[in-house]
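# Summary of the model geometry
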Amino acid sequence: MHVVLVAPEIPQNTGSIGRLCVATGTTLHLVEPLGYVIDDKHLRRAGLDYWPHVDLVRHASWEAFGAARPAGRLLCFAARSPRRYTEVAYRPDDLLVFGGESKGLPTSIRCENADRLLGIPIASPHVRSLNLATSVAIVLFEALRQQGAV
């Protein structure tokens, strides 16, 4: 499994996601631009002493990610997508793609992957989206559950 964060902005979220990736044996891909410096103290604090153990791959851009990405199916996640994250049969080589906290996935990525765009249902009209780290955890654990890994 791979978690791909496109232009993440909040170091604490990335630190928490990094910790989650270590716990689940998942590779973390960071696609620049990042909204922080990778050695940011907040990133280290959220990742605690786990950060050195993150299987981390950095990419200078979405295009660079596309050129270097491992084989596997891209599954993209966006708030309010009509197709639910539970409506897919996950595979071990899937790449789970999430956008940054304030803007989500860029429109170009959403459009080129419209047939693989999934979301987490939100019942309240008062909530625009879920926290990025929470969203990654929900989706990743569903994917691993389906594979019998958790």
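Residues numbered from 1 in each chain as written. Predicted model: local features only at pLDDT ≥ 70, side-chain atom pairs only at ≥ 80, totals over all residues. Heavy atoms only, no water.

### Here's the deal with the packing of aromatic side chains
Spelled out, the test is: Aromatic contacts are taken between Phe, Tyr and Trp rings whose centres are within 6.5 Å, Trp giving its six-membered ring; a plane angle under 30 degrees counts as stacked, one over 60 as edge-to-face, and the others as tilted. In this text, helices come from DSSP runs of H or I with a minimum length of four residues, and strands from runs of E with a minimum of two, each type numbered from the N-terminal end. Remark: exposure states derive from per-residue accessible area (1.4 Å probe, protein chains only) relative to the maximum for the residue type, with buried under 20%, exposed over 50%, and partly exposed in between.
Evaluation of the coordinates by the stated rule reveals two aromatic pairs. Seen from their ring centres, Phe77 and Phe98 are 4.8 Å apart, and the 10 degrees between their planes marks the pair as stacked. Pair noted here: Phe77 is in strand β4 (residues 74–77) and Phe98 is in strand β5 (residues 95–99), with a separation of 21 residues, a long-range link. Here Phe77 and Phe98 have matching classes, each one buried.

### Focus on the side chain of Thr27
Checked against the element boundaries, Thr27 lands in strand β2 (residues 27–31). Judged by its relative accessible area of 10%, Thr27 is buried.

### Here we look at the pattern of salt bridges
We apply this condition: The term salt bridge refers to a pairing of a side-chain nitrogen on Lys or Arg with a carboxyl oxygen on Asp or Glu at a separation within 4 Å.
Using the criterion set out here, one finds four salt bridges in the structure. For Arg73, the salt bridge is made with Asp94, and the minimal N-O distance between the two is 2.8 Å. Here the residue Arg73 occupies a position in the loop between α3 (62–68) and β4, and Asp94 occupies one in the loop between β4 and β5, the gap between them amounting to 21 residues. Among the residues examined, Asp94 registers a relative accessible area of 0% and is labelled buried. Notably, a salt bridge pairs Glu142 with Arg145, separated by 2.8 Å at the nearest N-O pair. Here Glu142 pairs with Arg145, and both are found in helix α5 (residues 132–146), just three residues apart, close to one helical turn.

### Brief notes about the sheet that holds β5
The line we're drawing: A pair of strands is treated as paired once DSSP finds two or more bridges between them. For this analysis, residues touch if any pair of their heavy atoms sits within 4.5 Å. Helix axes are fitted only over the stretch in contact, all axes being lines through C-alpha atoms; the angle between N-to-C directions runs from 0 to 180 degrees.
In spatial order, the strands read β3-β2-β1-β5-β4-β6; together these six strands make up an open sheet with parallel pairing. Of all the strands in the sheet, the pair left with one neighbour each is β3 (56–59) and β6 (117–118). Examined bridge by bridge, strand β1 (residues 2–6) and β5 share five bridges and lie parallel to one another. Considered in β5, the bridge of His2 is made with Leu95. Strand contacts of helix α1 (residues 11–24): β1 and β2, with the helix running at about 155 degrees to β2, the strand carrying the most contacts. Strands β1, β4 and β5 of the sheet are contacted by α5, whose axis makes an angle of about 160 degrees with β5.

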